[in-house]
Amino acid sequence: MPAPHWRPRMAEVLSIRQSGISTVQDLGRFGRSRYGLPVNGALDQYSARVANVLCGNDEAAALVEITALDFSCTPSADVLIAVTGAPAEVTVGSVRRPQWEPIVVRPGETIRITGIRLGVRVYLAVRGSVDAECLLGSCAPDTILGFGRSLHDGDDLAIIAHCPTIDHPVFRHPVFRVRPSVPRFGEPWTIDATDGPDLTEFGDSAQRLFSSSYIVTPRSNHIGLRMQGTVPRRAARGEVLSRGVPVGAIEVPAGDELLVLHRGRGVTAGYPVLAVVTATSLSSLGQARPGQTVRFRRRTVAEAVAAYRAERNIIGALRRRVATVFHALRIPILAPQ
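Residues numbered from 1 in each chain as written. Predicted model: local features only at pLDDT ≥ 70, side-chain atom pairs only at ≥ 80, totals over all residues. Heavy atoms only, no water.

> Go over the overall build of the chain with me, naming the residues and quoting the values.
Each helix and strand in the chain was counted, giving 4 helices and 20 strands. In terms of overall dimensions, the chain is globule-like: its C-alpha atoms have a radius of gyration of 21 Å, near the 20 Å expected for 337 residues. Dimensions of the chain, computed from C-alpha atoms along their principal axes, come out at roughly 70 × 45 × 40 Å. Residue burial in the chain is summarised as follows: out of 337 residues, 53% are buried. Within the chain, residue pairs in contact and separated by at least 24 positions form 78% of the contacts whose partners lie at least 6 positions apart. As presented, the chain carries roughly 15500 Å² of accessible surface, and 53% of it is formed by carbon and sulfur atoms. On the chain, the mean spot of the 39 positive side-chain charges and the mean spot of the 30 negative ones are 5 Å from each other. (Helix = DSSP H or I, 4+ residues; strand = E, 2+ residues; numbered from the N terminus. Rg over C-alpha atoms; globule rule 2.2 N^0.38 Å. Buried < 20%, exposed > 50% of the residue type's maximum accessible area, 1.4 Å probe, protein only. Contact = heavy atoms within 4.5 Å. Areas by Shrake-Rupley, 256 points an atom, 1.4 Å probe, with all protein chains shown as cover. Lys, Arg positive; Asp, Glu negative; His and termini not counted. Charge placed at Lys NZ, Arg CZ, Asp CG, Glu CD.)

What follows is the structure, given as structure tokens:
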């Protein structure tokens, strides 16, 4: 007899006690650049994906992105959570709990995430995901359109799940920890980049990008990071026509700054593109704090593709380990919604 089909339902809520700077995110709005819409989504995609996998969710499920400031919330029912991203102090009911592992939380226990350091963003996933309004297939906020959900003190964030009571000693025993690969956090951030379409226009000065250090300025945000340092100078003359630009484009506008476009970038621009940050390094770039040091490392397209495939294999292996543990505990892995 086939297993009964599980249907998610609106169940309980996370009551937000201290919101800090937090939003409901997913992996972004793909395939919409042709209509002029940025992709947006979680700036540290690796941490967001792993948080969801640790909860048995689809990688692209909605979760909470917490930026820089302290955050706390209380569930109204049994939940399974995972906290990934930059190092922080995570407590449940005043008891210290680990990041990058599944955590069982009982009704009424307060989850606190404080002291975010080295990086700037932490991700909180809940088994079954959280409720969020979608636009063109994604709940990712878009500041230009005025779409998306920022959380505030006193908000109730609905949990979409059938979450049985799962307070089981397996989750507290180190033998059964699933050990995800945790990236390095902290400066100097080493950011891989491939050659951009306008590299030759910078002549010999293009090498400055890969031999110098750059400081992230406070003017940085989800649209792009501005960096100060020894900026390559364009040797070619003439205007650069506006054209489509990828996420991760390293542009050199007039002045003494580099501009690195991130997931909220506009889809067209008219500055020369010196290089393009690789897909795997975009997650590290999303963790860089103002004042921290960044160094760029030159990579070929083949090396960038190999690194992306290796990261996907790491997440796939983690998903299989989680599935093995959950199967032993009779906790179903949730299908994409």
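Okay, back to it.
> Explain the sheet that holds strand S16 (residues 249–251) to me, using residue names and the numbers behind them.
If you walk around this closed barrel you meet the 7 strands as S12-S19-S16-S17-S14-S13-S20, and the pairing is mixed. Averaged over all neighbouring strand pairs, the angle between strand axes comes to 40°, with direction disregarded. In this structure, S16 lies alongside strand S19 (residues 273–277), joined through 3 bridges in antiparallel fashion. Considered in S19, the bridge of Ala-249 is made with Val-276. (Pairing = 2+ DSSP bridges. Axes fitted to C-alpha atoms, helices over the stretch in contact; angles between N-to-C directions.)

> How would you sum up the sheet that holds strand S5 (residues 79–85)? Please name residues and give values.
Read across the open sheet, the 5 strands follow the order S2-S3-S10-S5-S8; overall the sheet is antiparallel. Across the chains shown, the open sheet's two edge strands, defined by having one partner strand only, are strand S2 (22–25) and strand S8 (103–105). Across the sheet, the mean angle from the axis of one strand to that of its neighbour is 30°, orientation sign disregarded. Of the strand pairs in this sheet, S2 and strand S3 (residues 63–67) are connected by 4 bridges, and their pairing is antiparallel. Bridging from a neighbouring strand, Thr-23 pairs with Glu-65 of S3. Each of S3, S5 and strand S10 (121–126) is contacted by helix H1 (residues 45–54), which is oriented at about 160° to S5, the strand it contacts most.

> I'd like a description of helix H4 (residues 301–328), backed by residues and values.
Given 3.6 residues per helical turn, the α-helix brings residues three or four places apart onto the same face. For H4, which comprises 28 residues, the first-to-last C-alpha distance of 41 Å matches the rise-based estimate of 40 Å (1.5 Å per residue) to within 8%. Every buried residue of H4 is listed here: Ala-304, Glu-311, Ile-315, Gly-316, Leu-318, Val-322, Val-325 and Phe-326. Packed against the buried residues of H4 are H1, S5, strand S12 (189–195) and helix H3 (279–285). Once H4 finishes, Arg-330 follows within two positions and takes phi at roughly 60°, a positive value. (Expected span 1.5 Å × (residues − 1).)

> Tell me about the pairing of S19, residues and numbers included.
In terms of burial, S19 is largely enclosed, as 5 of its 5 residues are buried. Pairing of S12 with S19 involves 3 bridges; the strand directions are antiparallel. Among the inter-strand pairings, Thr-194 is bridged to a residue of S19, identified as Val-276.

> Quick rundown of the nonpolar core? Include the residues and the values.
If you look at the biggest cluster of nonpolar residues, it comprises 81 residues, and the most contacted ones within it are Met-227 and Phe-296. The element that contributes the greatest number of residues to this core is H1, accounting for 6 residues. Ignoring sequence-local partners within four residues, the contact set of Phe-296 consists of Ile-191, Leu-209, Phe-210, Tyr-214, Met-227, Ile-250, Leu-258, Val-260 and Val-277. Judged by nonpolar contacts, the second largest core, of 7 residues, contains Val-245, Leu-261, Val-273 and Val-276. (Core = buried A, V, L, I, M, F, W, Y, C linked by side-chain atoms within 4.5 Å.)

> Run through the side chain of Glu-251, naming residues and quoting values.
Considering the arrangement of structural elements, one finds Glu-251 in strand S16. Put simply, Glu-251 is tucked away with no salt bridge, and the nearest opposite charge, on Arg-243, sits 6.3 Å away. (Salt bridge = Lys/Arg side-chain N within 4 Å of Asp/Glu carboxyl O.)

> Describe unusual backbone geometry, and please don't skip the residues or the numbers.
Here the residue pair Glu-187 and Pro-188 is connected by a cis peptide bond, since its omega of -5° sits within 30 degrees of zero. Locating Pro-188 in the fold gives a position in the loop between strand S11 (156–160) and S12. Backbone geometry at Ala-68 places phi at a positive 70°, although glycine is not the residue there. Residue placement: Ala-68 occurs in the loop between S3 and strand S4 (71–75). For Trp-100, which is not a glycine, the phi torsion comes out positive at approximately 65°. Relative to the assigned elements, Trp-100 resides in the loop between strand S7 (95–96) and S8. Judged by relative accessible area, which is 6%, Trp-100 ranks as buried.

> Give a detailed account of the pairing of strand S17 (residues 257–261), specifying residues and quantitative values.
The buried count for S17 comes to 5 of 5 residues, which makes it a mostly enclosed element. On S17, burial covers both faces: Glu-257, Leu-259 and Leu-261 on one face and Leu-258 and Val-260 on the other are all buried. Looking at chain direction, S16 and S17 are connected through 2 bridges and run antiparallel. When the bridges of S17 are listed, Glu-251 appears paired with Leu-259. The hairpin formed by S16 and S17 contains 5 residues between the paired strands, and Gly-255 there has a positive phi angle of roughly 125°.

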